[in-house]
Amino acid sequence: MEKPGFKLIFNIILVISILIIILTITSCKTNSGTPNYPVTEEDAAEIISNGVLSQFGGVLNHINNGVQFAQRPGCGVTCDTTTTLTAQPGPTSITAKNNLQWHYQLNCQDKSFTGTYTGSISYSGQHFSADNTCSGTLTCTPQQTPTYKIAFNFTIDGTDIKKTVDANTLKTNITMQGSDILVEKNSGTVTSGQIQVAIHISYYNYSGTVKFMGNRMASIVLNSGTSYSLSL
């Protein structure tokens with residue numbers, strides 16, 4: 001014959017076990033930085049493209065800032081400038097905000113520009129939203145043709161969220177480096193060159209290149225060798 005006390009203890013243990021399972025599942029869904037879905041190479045390519053494109057406050061916006069600073073009058077004086085970008089929803093449904101603090105100088109001899117900057121980048125796009133800090137160094141060197149040669153190092157740290165049900169926050173780090181980027185002086189348009197890029201998204205790592213092909217087009221090639229087209 002089963003004793004009443006034993007049945008009570010058994011029921012208490014059963015309830016506690018169920019609560020532990022529920023808490024464990026909840027913890028897995030809300031643990032920041034631990035993806036509860038596979039982060040594909042296509043996801044990585046899209047996050048990288050957002051870190052490049054001007055409308056997201058990406059590195060092309062920073063290059064354009066540097067080109068504009070390089071054409072300002074005066075030289076030999078260290079300057080501090082804050083730049084902001086605010087993009088409101090339009091046909092592409094992108095909202096973005098970029099705030100950068102620049103510290104730079106123009107060389108009086110060769111008219112080259114050297115700058116460093118730190119700041120924040122946040123955006124909401126079609127598939128991802130992000131809240132990041134960033135830092136970078138950038139140089140603009142005038143060429144014989146009406147272009148600048150750009151060299152830069154750029155780092156993004158922060159979080160990304162994929163806009164799907166139950167997708168949790170991802171901790172993201174992106175590094176970009178370019179040394180031979182050609183940019184039109186008047187328009188600020190990148191015409192050629194490539195960027196070495198590496199991205200760490202929680203436990204996922206991808207790396208490769210962003211290649212500028214002219215006509216406002218670029219391609220992203222990561223680990224698999226697949227080429228992802230990018231319209232600038």
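A few points on the structure. Within each chain, residues carry numbers counting from 1 in the order of the written sequence. Residue-level local features of this predicted model are given only where pLDDT is at least 70; pairs of side-chain atoms are given and counted only at 80 or more, and the full residue set underlies all totals for whole chains, interfaces and linings. Side-chain numbers here rest on the full set of heavy atoms in the structure, without hydrogens or water.

Re the nonpolar core
Counting residues in each nonpolar core, the largest one holds 55 residues, and the members touching the most others are Ile48, Phe113, Ile150, Phe152, Phe154, Met176 and Val210. Helix numbers and strand numbers start at the N terminus; a helix is a DSSP run of H or I with at least 4 residues, a strand a run of E with at least 2. It is helix α3 (residues 59-70) that provides the largest number of residues to this core, a total of 6 residues. A contact between two residues is defined here by any heavy atoms of the two lying within 4.5 Å. Those residues within four positions of Ile48 in sequence are excluded, and the remaining contacts are Met176, Val197, Ile199, Val210, Ile220 and Leu222. Throughout this description, the term nonpolar core refers to a set of buried Ala, Val, Leu, Ile, Met, Phe, Trp, Tyr and Cys residues connected via side-chain atoms within 4.5 Å. Partly exposed describes any residue whose relative accessible area lies between the buried limit of under 20% and the exposed limit of over 50%, with all areas from a 1.4 Å probe on protein chains only and scaled to the type maximum.

What to know about the side chain of Asp43
Inspection of the secondary structure puts Asp43 in helix α2 (residues 41-52). With near-sequence residues (within four places) excluded, Asp43 lies in contact with Tyr37, Pro38, Phe128 and Lys162.

Some details on the side chain of Glu41
By secondary structure assignment, the location of Glu41 is in helix α2. Residues adjacent in sequence count toward polar contacts only when both atoms are side-chain atoms; beyond that, a polar contact is any pair of N or O atoms within 3.5 Å, and within protein one must be able to donate a hydrogen and the other to accept it. Of the polar contacts made by the side chain of Glu41, one reaches the side chain of Ser224; its length is 2.5 Å.

Let's talk about the pairing of strand β10 (residues 227-231)
Residues Tyr228 and Leu230 line the buried face of β10, whereas the alternating positions Ser227, Ser229 and Ser231 sit on a face that is not buried. Pairing between strands is defined by DSSP: at least two bridges between the two strands are required. If you look at the hairpin formed by strand β9 (residues 217-221) and β10, you'll find 5 residues sitting between the two strands, and Gly225 has a positive phi there, around 90°.

Comments concerning the packing of aromatic side chains
Note on ring pairs: Phe, Tyr and Trp rings are taken, using the six-membered ring of Trp, and paired if centres are within 6.5 Å. Classes follow the plane angle, with under 30 degrees stacked, over 60 edge-to-face and the rest tilted. One pass over the structure, following the stated rule, counts 8 aromatic pairs. Ring geometry for Trp102 versus Tyr117: centroids 4.4 Å apart, planes at 35°, classification tilted. Here Trp102 is found in strand β2 (residues 95-106), whereas its partner Tyr117 is found in strand β3 (residues 113-124), with 15 residues between them in sequence. Pair check on accessibility: Trp102 and Tyr117 agree, each one buried.

Here's the deal with the sheet that holds β9
Read across the sheet, 10 strands follow the order β1-β2-β3-β4-β5-β6-β7-β8-β9-β10 without closing on themselves; strand pairing throughout is antiparallel. Of all the strands in the sheet, just β1 (79-87) and β10 have a single pairing partner and so form its edges. When strand polarity is set aside, the average angle formed by the axes of neighbouring strands in this sheet is 15°. By the bridge criterion, 9 bridges tie β1 to β2 in an arrangement that is antiparallel. For Thr84, the partnering residue across the bridge sits in β2 and is Asn99. Every axis in this analysis is a line fitted to C-alpha atoms, fitted for helices over the stretch in contact. Angles between the N-to-C directions lie between 0 and 180 degrees. Lying on the sheet, α2 is in contact with β3, β4 (128-142), β5 (147-162), β6 (169-184), β7 (190-201), β8 (204-214), β9 and β10; it crosses β7 at an angle near 125°.

Some details on the environment of Cys140
In this structure, Cys140 sits in strand β4. Distance from Cys140 to Phe113, taken between C-alpha atoms, is 4.9 Å for residues 27 residues apart in sequence. When residues no more than four places from it in sequence are discounted, the contact partners of Cys140 are Gly66, Val67, Ala70, Ser112, Phe113, Tyr148, Lys149 and Ile150.

A short note on the environment of Ile161
In this fold, Ile161 is placed in strand β5. On the basis of relative accessibility, which here comes to 32%, the residue Ile161 falls in the partly exposed class. In the structure, Ile161 is positioned 37 residues away from Ser124 in sequence and 9.3 Å away in space, judged by C-alpha atoms. Sequence-distant contacts of Ile161, defined by excluding residues within four places in its chain, comprise His127, Phe128, Ser129, Ala167 and Thr169.

Thoughts on the pattern of salt bridges
Salt-bridge detection follows one rule: a side-chain nitrogen of Lys or Arg within 4 Å of a carboxyl oxygen of Asp or Glu. Scanning the model with the defined rule gives 1 salt bridge in all. Between Asp43 and Lys162 there is a salt bridge, with its nearest N and O atoms 3.1 Å apart. Of the two residues, Asp43 sits in helix α2 while Lys162 sits in strand β5, which places them 119 residues apart along the sequence.

Brief notes about the state of the cysteines
In this description, a disulfide is simply a cysteine sulfur pair whose atoms lie within 2.5 Å. Taken as a whole and assessed by the stated rule, the structure comprises 1 disulfide. Bridging Cys75 to Cys108, the disulfide has an S-S length of 2.2 Å. Linking Cys75 and Cys108, the disulfide has an S-S dihedral of approximately 100° and is accordingly described as right-handed. Remark: Cys108 occurs in the loop between β2 and β3 and Cys75 occurs in the loop between α3 and β1; sequence separation between them is 33 residues.

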